[in-house]
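Residues per chain, in single letters:
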Amino acid sequence: MHEIRLEKVTKRFGNGLVAVDKADLDVGRGEVMCLLGPSGCGKTTMLRMIAGLEWATSGDIMIGNRRVNDLPPRERNVAMAFQFYALYPSLSVGENLAYPLHAEKLSKAEITQRVARVSQALDLTSILERRPHQLGEGEKQRVAVGRSIIRDPTCFLFDEPLSRLDIQLRQTMRTQIKEILSTLDKPTVIVTHDQIEALTMADRIAVMQAGRIEQIASPDELFSMPTNLFVGGFIGTPQMNLLEATLTEVGQRDSAGSVTARFALLGEIISASVNSRVGDFEPGSKVTLGIRPRSFEFVDIGTTDALHADVDITEPMGAETLAHLIEKGSDLRCVVQSSIRLAPGNRVAIRCKPGQLHVFDSSGILVR
Amino acid sequence: MEKAREIRAIGQAGWGRTLGAGIISAVYFFPVFFIITTAFKTRPDALAMPIKFFFTPTFENFYSVFQRADIQGGGTTNSGFGLYFFNSLFIGGTSVFLALIIGTAAAYGFSRFPLRGNDTYLFIILTTRMLPPIIAIIPIFVLFRVFGLSGSYTGVIALYTAFNLPFSIWMAKSFFDDLDRDIEDAARMDGSSEWSVFRKICLPQVYGGLAATFVFAVILTWNEFLFALMLTGTETRTVPVAIARTIGGQVGVDWGLMSAIETLFIIPVVIVTFVLQNQLLRGVTFGTIRK
Amino acid sequence: MTSVANPDTATSRAASPSASRSAAGFLGWLMSPERRGPLLIAPALITLFVVNIFPLMWSFGLSFFAYKANRLAPPVFIGLRNYSDVLTDSDIWERFQHTATIVVGSVALQLVVGFLLALLFAQEFPLRRYLLMLVLSPMMLSLSAVGVFFRLFYDPTLGFISRFISLFTPDTFVILSTPARATIAIVVVDAWMWSPFVMLLVLAGLVSVPKYLYEAAEIDRAGWWRRFRTITFPYIRSLLLLALLFRTIEAFKIFDIVYLVTEGGPGSSTETVSVYVFRLAFQFFRTSQASALGYIMLFAVIVLTSLYLYAIQTREVEA
């Protein structure tokens, strides 16, 4: 019965700042939930409220079906790995790992055994005697994680676990942590601002902005069906192209629940097959079209129903190339195979691949 | 460096804590309280036992400080404490000022142009500050007599300058060490001369710290007793010596007067401590410790 | 008739090229990058040398001679006899003992009380700022005033401390009557003055502990004693050590208070080494012996200062 549930949780600070605004969240047993968002969106505050390091102003926080709002951290039996690791400077790695176990009144043998097990899983056996200031970033991070998993808590909470590691270490640790978490079968909440981390490690992601949860969904769903402009623009690198357009006409609904519509943007008219709800809009409505850089296909110049633009800069990225196109003052990001040679100044015609055009209404919500 | 003007705290406690702290603070403060209040008492009130908490205050002691001429043992001079206050100020101020100039230059040198012998020099400098004045007083006393410097301003100021140098150096060095070098490097790359870098970038940032150092050093020199005792004459005497001299010889010390003197003497220190709270720790450890 | 060209400048102008070249050369040599460090440090070192070190060296030399400052007789070389006299003089050892007692007593008291004070003032509470100022007030008094006034306070009839204690004793309590009492009296004054100093240091340590360490301990369900032992104490341990060394070095120097409150009495029971050296030099005029003794003290101070510097550097490394 270990789950985490937040119902309408709000956190208002003394100076009036609302860090978390009526958030609903639930994390199932064994599920890894990432809180993702830019700095200041409230994700860390939310994590700290689950831990008990911040009091919720209103709402309910449930851990394992128990309302824990009024319980201090020590009585919630949660495990947390801090962004700055929070390793006890005067203790060795082994003593740091064993620290949480003293509260459980285990025998010395049991403690040694657990420390050995964890240090082996995280490759810490050779540095058990060292002290935190003698460790590298990666080692410190593993100790912090180790200190969390050595216990049997109700849930795991990680605050930006990989933010201080270099790219290589990050990739290694991502996989390692994911493996470990899958064996532990407890709800886990990870806070991060790095979407790659979230997309690779999470079962579900809660995208947050300015204290509000914008969308909670699996990585796939977030990618293919972002609920609003913010999520669409936040998820996916390079960033999704968000273009202002006007709906000019809507065609008939077809059997698959789509409808053909025509949009005017960048001085041209394109048509595309979009969600049937677009049909509810009047011609002349202002919308925003979202097209991911990899959703473009090249067509011959002069094709109708295509956008024309000039190539501004190309950035080689290895197997792919990121091309910045420019038309009527608007920037278009387009990712192509490097085998297609594009040079600055070229004029190209592009079309959005079928089914990959997102339509957002004038208030930024996805139309579906 | 923190901008907070107060000594920081962690967490919050209630009025119960205030009560406990209040009692302890009262114990610590009581002697000081005694001195300050006695300054306002008349002569009989001052010595009353048990201590008189309620009395009619008077300013006569403060007048006496500057006017009474025969308070000193061997009262053949006309000088009252006005002269001694002036002496303390003049000697203290001048020597600290000189020490700061020489010391800041040296501190900058130690900080930015480290030499091989740096640690040794700094060690010697710190030892000079730490050694019991007794050790130095003997040769200096004799040398002063030999060179005819006893009782003169020059000798004492020179001595106090050297006295204040270690403190100035350590404080200034700690400030220079705390600075962000990147700005200086950027200026150097933009073509500034070393002198410009020092004057326009480093110095402005440490002005506050140097001001604090100046004040702390003056306070230390202000309160200095031993060297002043041995090396100042009747005309150049400083206040602490004058206070001590009132003990010996005279029948019935005028405690009201003494209190007034000390109260006047302590006022600058109190103001300074209040204003410089965030530098206090650095100051009392001579610049060797900073948060 | 005055000619336009000033003969003086004409001559100097003629001489200037080579003169200014060598002047510029010297200045250039002086101000070159390698010299900058030494150039800046030189005035300070010179001043210290002349005013401090030279006299010290002179008196070091003198300590090998027999010399009395009040006689005109020239110094007579006697080698190490001053030192051996000093080291075998039982009076000296007695003074060392007194000094040690006072130093140990005072520093211990300062550390304990200062530490407790810091704990008291660690959290914010109403009026904390002002009460803190009150506690710091003893440090602001001049030592001579402290000496003079505490002499009054300890006076059997006129001093409030004596009178206060007399409330609990059968007859008038004379604080300065016995060696034990006098020593305690001095220890109390010194500790009173300087325990706020220790408090400042420990307080600085207490507030510098990163909050997240306490949070981690809370999550790890550690009890208050455990938290103190593993988190708080290590942080303040280095500061306590610094306080210990610093105050010990300073306590060694105790002169003013002893001189003014007890004058080393009763008898010579509270006479510290500093006071004794003073007496040797200026009362008995055994100048060279005083120098020798001074050098022995200097040696102790050097050892202590080295320890102090070492402790500072260790602290900076671990931070």
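Residues numbered from 1 in each chain as written. Chains lettered and ligands numbered in written order. Predicted model: local features only at pLDDT ≥ 70, side-chain atom pairs only at ≥ 80, totals over all residues.

## Here we look at the overall build of chain A
For clarity, the cut-off: Secondary structure elements follow DSSP: runs of H or I of four or more residues count as helices, runs of E of two or more count as strands, with numbering from the N terminus. Here the contact rule is simple: place C-beta atoms from the backbone, and any two residues whose C-beta atoms are within 7 Å are in contact.
A count of helical and extended segments in chain A gives nine helices and 20 strands. Taken over the C-alpha atoms alone, chain A extends approximately 80 × 45 × 45 Å along its principal axes. Put simply, 63% of the contacts in chain A that link residues at least 6 apart link residues at least 24 apart.

## Description of the overall build of chain B
For the record, the criterion: We call a residue exposed when 12 or fewer other C-beta atoms sit within 10 Å of its C-beta, buried when the count reaches 20 or more, and partly exposed for counts in between; the C-beta positions come from the backbone.
When helices and strands are counted, chain B shows 13 helices and zero strands. Moving toward the C terminus, one meets the helices and strands of chain B in the order α-α-α-α-α-α-α-α-α-α-α-α-α. Within chain B, the proportion of its 291 residues that are buried is 43%. Within chain B, residue pairs in contact and separated by at least 24 positions form 75% of the contacts whose partners lie at least 6 positions apart.

## Some thoughts on the interface of chain A and chain C
The condition that has to hold: For this scheme, ten residues count as nonpolar: Ala, Val, Leu, Ile, Met, Phe, Trp, Tyr, Cys and Pro. Four count as charged, namely Asp, Glu, Lys and Arg, and the remainder, Gly too, count as polar.
Between chain A and chain C, the contact holds 19 residues from the first and 14 residues from the second. Within the residue set of the side of chain A that touches chain C, elements represented by two or more residues are α2 (73-76) and β6 (79-81) of chain A. Of the residues assigned to the side of chain A that touches chain C, the class counts are 15 nonpolar, three polar and one charged.

## A word on the sheet that holds strand β3 (residues 32-36) of chain A
Residue and element names in this part refer to chain A. Here is the rule: Two strands qualify as a pair provided DSSP detects at least 2 bridges between them. Axes here refer to lines fitted to C-alpha atoms; in helices the fit is confined to the stretch in contact. Angles between the N-to-C directions go from 0 to 180 degrees.
If you walk across this open sheet you meet the six strands as β6-β7-β8-β3-β9-β10, and the pairing is mixed. Edge positions in the sheet fall to β6 and β10 (212-217), since each has one partner strand and no second. Ignoring strand direction, the axes of neighbouring strands in this sheet form an average angle of 15 degrees. Of the strand pairs in this sheet, strand β7 (residues 156-159) and strand β8 (residues 188-192) are connected by four bridges, and their pairing is parallel.

## Let's talk about the pairing of strand β2 (residues 18-27) of chain A
Residues and elements named next belong to chain A. In this sheet, β2 lies alongside strand β1 (residues 4-12) in antiparallel orientation, the contact comprising six bridges. Bridge pairing in β2 places Lys11 opposite Val20. In this antiparallel pair of consecutive strands, β1 and β2, the connection spans five residues, and Gly16 shows a positive phi of 100 degrees.

## Topic: the packing of helix α1 (residues 15-38) of chain B against helix α5 (residues 128-136) of chain C
Which entries qualify depends on this criterion: Our angle categories are set so that under 35 degrees counts as roughly parallel, over 145 as roughly antiparallel, 65 to 115 as roughly perpendicular, and the remainder as oblique. Note: crossing handedness is left-handed where the near helix turns anticlockwise from the far helix by less than a right angle, and right-handed where it turns clockwise.
Their axes nearest at 7 Å, the elements α1 of chain B and α5 of chain C cross at an angle of 30 degrees. With respect to their mutual orientation, α1 of chain B and α5 of chain C come out roughly parallel. For the pair α1 of chain B and α5 of chain C, the sense of crossing is left-handed. In contact with Ala21, Gly22, Ser25, Tyr28 and Phe29 of chain B of α1 of chain B, α5 of chain C contributes Leu131, Leu134 and Val135 of chain C.

## Some points on the packing of helix α4 (residues 81-112) of chain B against helix α7 (residues 153-178) of chain B
Residue and element names in this part refer to chain B. Relative orientation of the contacting elements α4 and α7 amounts to 40 degrees, with a least axis distance of 6 Å. Relative to α7, α4 is oriented oblique. Considering only the axes of α4 and α7, their crossing is right-handed.

## Structural notes on the domain arrangement of chain A
As a reminder, the rule being used: Residue ranges for the domains originate in an automatic or database domain assignment.
When cut into domains, chain A gives domain 1 (4-227) and domain 2 (241-360). In this structure, domain 1 of chain A and domain 2 of chain A have C-alpha centres spaced 40 Å apart.

## Notes on the confidence of the model for chain B
All names here are of chain B. As a reminder of what qualifies: Summary of the metric used: pLDDT quantifies the predictor's per-residue confidence within the range 0 to 100.
Per-residue pLDDT for chain B averages 77, and the proportion of residues at 70 or more is 83%. Note that pLDDT drops below 50 for residues 1-6; the model gives that stretch seven contacts with residues more than four away or on any other chain. Ignoring residues within four places in sequence, the model shows residues 69-79, a span with pLDDT below 50, making 13 contacts including any to other chains. Predicted as a complex, the structure gets a pTM of 0.74 and an ipTM equal to 0.81.

## Digging into unusual backbone geometry
A cis amide bond links Thr237 of chain A to the next residue, Pro238 of chain A, at an omega of -10 degrees. Along the polypeptide, Pro238 of chain A turns up in the loop between α9 (229-234) and β11 (241-253). Of note in the backbone geometry, Leu266 of chain A takes a positive phi value of approximately 55 degrees without being a glycine. With respect to the secondary-structure elements, Leu266 of chain A resides in the loop between β12 (258-265) and β13 (268-275). Classification of Leu266 of chain A by C-beta neighbours within 10 Å gives partly exposed; the count is 18. Look at Leu127 of chain C: it is not a glycine, yet its phi comes out positive at around 70 degrees. Relative to the elements of secondary structure, Leu127 of chain C occurs in the loop between α4 (90-121) and α5.

## Considering the sheet that holds strand β15 (residues 296-299) of chain A
Residues and elements named next belong to chain A. If you trace the five strands from one edge of the open sheet to the other, you get β15-β19-β16-β17-β18, paired in antiparallel fashion. The open sheet has two free edges, formed respectively by β15 and β18 (330-337), since each of these has just one partner strand. Neighbour to neighbour, the strand axes of the sheet diverge by 50 degrees on average, direction disregarded.

## Comments concerning the pairing of β3 of chain A
Residues and elements named next belong to chain A. Of all five residues in β3, five are buried, a share of seventy percent or more. Of the two faces of β3, the one carrying Val32, Cys34 and Leu36 and the one carrying Met33 and Leu35 are both buried. Note: β3 against β8, five bridges, orientation parallel. Bridge pairing in β8 places Leu36 opposite Thr192.

## Structural notes on helix α6 (residues 143-154) of chain C
Here is the rule we go by: One less than the residue count of a helix, multiplied by 1.5 Å, gives the span that helix is expected to have.
In this model α6 of chain C runs 16 Å from its N-terminal to its C-terminal C-alpha over twelve residues, within 8% of the 16 Å that 1.5 Å per residue would give. Those residues of α6 of chain C that fall on the buried side of the exposure criterion are Leu143, Ser144, Ala145, Val146, Gly147, Val148, Phe149, Phe150, Arg151, Leu152, Phe153 and Tyr154 of chain C. Tucked into the core, α6 of chain C has its buried residues touching α1, α11 (239-245) and α12 (255-275) of chain B together with α7 (160-166), α8 (179-208) and α11 (256-261) of chain C.

## A look at helix α12 (residues 273-282) of chain C
Counting buried residues in α12 of chain C gives eight out of ten residues, a clear majority hidden from the surface. For α12 of chain C, every residue scored as buried is listed here: Val273, Ser274, Val275, Tyr276, Val277, Phe278, Leu280 and Ala281 of chain C.

## Some words on the environment of Leu131 of chain C
Residue placement: Leu131 of chain C occurs in helix α5. Sequence separation of Leu131 of chain C and Val209 of chain C is 78 residues, and the distance between their C-alpha atoms is 23 Å. When residues no more than four places from it in sequence are discounted, the contact partners of Leu131 of chain C are Ala21, Gly22 and Ser25 of chain B.

## Here we look at the environment of Ser362 of chain A
Residue and element names in this part refer to chain A. Relative to the elements of secondary structure, Ser362 occurs in the segment after β20 (358-360). Overall, the presence of 11 C-beta atoms within 10 Å leaves Ser362 in the exposed class. Once the C-alpha coordinates of Ser362 and Thr288 are considered, the two residues, 74 residues apart in sequence, prove to be 7.0 Å apart. Leaving out residues up to four positions away in the same chain, Ser362 has contacts with Lys286 and Val287.

## A short note on the environment of Leu280 of chain B
Secondary-structure assignment places Leu280 of chain B in helix α13 (residues 280-284). Here Leu280 of chain B falls in the buried class, since 20 other C-beta atoms lie within 10 Å of it. For Leu280 of chain B and Arg237 of chain B, which are 43 residues apart along the polypeptide, the C-alpha to C-alpha distance reads 29 Å. In contact with Leu280 of chain B, other than residues within four places in its own chain, are Thr273 of chain B together with Leu200 of chain C.

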